[in-house]
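# Structural characterization, general
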Amino acid sequence: MTVPGKHTDRRTVLRLALATGVAVPATGALASCATSGGGEDASSSPAPGASGSADAKNPFGIAKGATGEAAIFNGGYGFDYVTFAANIFNRTHSGKFGVKPSTQIAQQLQPRFVGGNPPDLIDNSGANSIGLNTIVDQLEDLSDVFEANNLEGTKIKDTLYPGVEAPGTVGDKFAAINYVQTIYALWYSASLFEANGWTPPKTWEEAYELGGKAKSKGKFLFLWGKEAATYYQTLVIGSAIKEGGDEVRLAMDNLKEGCWSLPAVQGAIKGLEKIVKAGYVKPGGGGTAFTAAQAQWSQNQDALLYPSGSWIENEMKKQTKADFKMTGFPELTVSSSPKMPYETLHAAAGEPFIVPSQGKNKAAGKELLRIMLSKEAATNFAKTRLAPTIVKGTVPDDGFGSTALQSQTKMLTAAGDNVFTWNFVDLYGTNQDMLVPWNAFLSGQIDAAALTKQLQGITDKVRKDPSVKKVEVK
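Worth saying up front: this structure is predicted, and the values here are computed from it rather than measured.

What counts and how
Residues numbered from 1 in each chain as written. Predicted model: local features only at pLDDT ≥ 70, side-chain atom pairs only at ≥ 80, totals over all residues. Heavy atoms only, no water. Buried < 20%, exposed > 50% of the residue type's maximum accessible area, 1.4 Å probe, protein only. Helix = DSSP H or I, 4+ residues; strand = E, 2+ residues; numbered from the N terminus. Pairing = 2+ DSSP bridges. Right-handed = clockwise from strand over helix to strand, strands pointing away. Phe/Tyr/Trp six-rings, centres within 6.5 Å; stacked < 30°, edge-to-face > 60°. Lys NZ or Arg CZ within 6 Å of the ring centre and 35° of its normal. 1 Å grid on protein atoms, 1.4 Å probe; cavity = no way out; pocket = protein on both sides within 12 Å on 5 of 7 lines; lining within 4 Å. Points joined across faces, edges and corners; volume = space filled by probe spheres on them. Nonpolar A, V, L, I, M, F, W, Y, C, P; charged D, E, K, R; others polar. Polar contact = N/O pair within 3.5 Å; in protein donor to acceptor, adjacent residues only side chain to side chain. Axes fitted to C-alpha atoms, helices over the stretch in contact; angles between N-to-C directions. Parallel < 35°, antiparallel > 145°, perpendicular 65-115°, else oblique. Left-handed = near helix turned anticlockwise from the far one by under 90°. Contact = heavy atoms within 4.5 Å. Salt bridge = Lys/Arg side-chain N within 4 Å of Asp/Glu carboxyl O.

Take the pairing of strand β1 (residues 67-73) next. Along β1, 5 of the 7 residues are buried, which leaves the element largely enclosed by surrounding structure. Where β1 meets strand β2 (residues 96-102), 7 bridges bridge the pair, whose relative direction is parallel. Along β2, the bridge assignment pairs A70 with V99. The parallel pair β1 and β2, bridged by helix α1 (residues 80-93), forms a crossover whose chirality is right-handed. By the bridge criterion, 3 bridges tie β1 to strand β3 (residues 121-123) in an arrangement that is parallel.

Next up, the structure:
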């Protein structure tokens, strides 16, 4: 069923920030239902589960000696940035907020939701995240976090880039705070390209031609790891949306029948198929852990390009060749005359943090989020993870010396208001199922037609399931 009375426009999600602190204009109005109702100041009363006295400096009424538990996805950004904020919590409240890493969020935490004892804060991210739509009724509305003051005494919502509520809004509930500004792009070594006189491709055909040049140097164009095979799905969808425009974006996000057979989608899939059939994708990815595969790219330079979000630099910083000069460029288009400009970016706020309503101290979960949204914690993240959060003004012009962060700024500047995203994979939790056909396709075991059929089957299963709440996107 469709959630009544709510239409989420994913193009208006984004009014993204430049990494230098300059906001990117939006294409439309911000999605609604992201502020607390009734006009009451969130700091006027303690949140449910709190036992202390609430005031502007302690809006959730956290008592002295309070405890809490956080489960954090241990992926490209690690987890100790949350430990940094937890240490502030512990000092401020003489408390003890434990932070535990996980790479199996759904497997480890779904039983705890069923048992009624989930952690107080969860970073619901990674390939094994829980479909947000399946647990939204068990989550706190986080509007009061944005209404609260940060540690510096400023209302949090006044310190954030516009549009950050929408990715975490499901129906009428602001259920997840997406903490990190993420750009999805193709990444390469600028120094390697400079040494060989190569330029980043703009279309799939140009990528194919570059694959031939890579082969002549004993290198591949692409490679992949088994848990991240769907990074190529992200690349294909982004390419198709740029090629075909909003028609494609809406068809995919609304699970339309035949959406995987749209001409723009097929153009991107077949562009990649041509590269696979030419042998320009390094074999063996289906049996290789994704971080090991990424090291083959960033350390060994076995392949020229890798599709990923902007977490890739931090994720691989200990396994990247010296003077690699990691740099990003926008996702490919199918033709040289797409409906959206080549510079258009797939970008969105990511790393969704949720507060389960059945947590032992959900007020502490909200308080830890409030601390994470302080300038101190957000700057620590940007500096140590080489990626911006949703908090404005925390990244200097030089990107802390990161070429990848500098390239993000350039891409966002060039994109202007041509920014988009989609959410159906995360919303309906289909990534695990989609990994199977994508690993087979990249291995050359199935062709574009079989890939299309299997992906459409996964999509159709969700669309036809009456027990799954649908969110209509406009």
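Attention now goes to the packing of aromatic side chains. One pass over the full model with this rule turns up 20 aromatic pairs. Relative to F329, the ring of Y188 has its centre 5.6 Å away and its plane inclined at 65°; by these criteria the two rings are edge-to-face. With a gap of 141 residues between them, Y188 in strand β6 (residues 177-189) and F329 in strand β8 (residues 326-329) connect regions that are remote in the sequence. Comparing Y188 with F329 shows no difference in burial state: the two are buried. Measuring from centroid to centroid gives 5.9 Å for Y231 and W311, while their planes differ by 65°, and the two rings are edge-to-face. Linking Y231 in helix α7 (residues 231-244) with W311 in the loop between β7 (306-309) and α11 (312-315), this pair joins segments that are 80 residues apart in sequence. Given the relative accessible area of 14%, W311 is considered buried. The rings of Y184, Y231, W297, Y306, W311 and F324 are connected pair by pair, giving a single aromatic cluster. Here K274 stacks its cationic end above the ring of Y208, 4.2 Å away from the centre of that ring.

The subject of this paragraph is the layout of surface pockets. Estimated volume of the second largest pocket: approximately 410 Å³. What lines the second largest pocket is a set of 23 residues, among which G131, Y428, G429, T430 and D433 lie closest to the centre. The set of elements that each furnish at least two residues to the lining of the second largest pocket consists of α2 (105-115), α15 (424-428), α16 (431-442) and α17 (448-464). Here the residues of the lining of the second largest pocket sort into 8 nonpolar, 11 polar and 4 charged.

In this fold, E351 is placed in strand β9 (residues 345-354). A polar side-chain atom of E351 sits 3.2 Å from a polar atom in the side chain of S125.

A few words on the packing of helix α9 (residues 263-277) against α17. For the pair α9 and α17, interaxial distance at closest approach is 10 Å and the crossing angle is 135°. The orientation of α9 with respect to α17, classified from their angle, is oblique. Crossing hand, α9 versus α17: right-handed. In this structure, α9 contributes Q266, I269, K270 and E273 to the contact, and α17 contributes A448, L451 and T452. Class assignment of the residues belonging to the contact of α9 with α17 gives a composition of 3 nonpolar, 2 polar and 2 charged.

Moving on to helix α10 (residues 290-298). Restricting attention to buried positions, one finds in α10 the residues A293, Q294, A295, Q296, W297 and S298. The elements touched by buried residues of α10 are β6, α7, β7, α11 and β8.

Okay, the pairing of β6 next. The buried fraction of β6 is high, at 13 of 13 residues. Of the strand pairs in this sheet, β6 and β9 are connected by 7 bridges, and their pairing is antiparallel. Paired with Y184 across the two strands is H346, which belongs to β9. With 4 bridges joining them, β6 and β7 adopt antiparallel strand pairing. Among the inter-strand pairings, Y184 is bridged to a residue of β7, identified as G309. Examined bridge by bridge, β6 and β8 share 4 bridges and lie antiparallel to one another. Following the sheet pairing, L186 is matched in β8 by F329.

You can see S216 is positioned in helix α6 (residues 204-216). Look at S216 and you get exposed, because its relative accessible area is 60%. Reaching out from S216, the side chain makes a polar contact with the backbone oxygen of K213 at a distance of 2.6 Å.

Within the structure shown, the criterion is met by 15 salt bridges. As a salt-bridge pair, E69 and R112 come within 2.8 Å of each other at their nearest N and O atoms. Residue E69 is located in strand β1, and its partner R112 is located in helix α2; the two are separated by 43 residues in the primary sequence. R112 gets classed as partly exposed once you look at its relative accessible area, which sits at 23%. In this structure, D246 and R249 form a salt bridge, with 3.0 Å as the shortest nitrogen-oxygen distance. Here R249 and D246 lie together in helix α8 (residues 246-253), a separation of 3 residues that amounts to about one turn. Here the salt bridges share partners, and the residues they tie into one network are E140, D144, K362 and K366.

Before going further, it helps to examine the environment of I122. Within the secondary structure, I122 sits in strand β3. Taking the relative accessible area as the measure of exposure, I122 reaches 0% and is therefore buried. Remark: the alpha-carbon pair of I122 and P101, spanning 21 residues in sequence, is separated by 10.0 Å. Not counting residues within four places of it along the chain, the set of residues in contact with I122 comprises A71, I105, L109, F113, P352, F353, I354 and P356.

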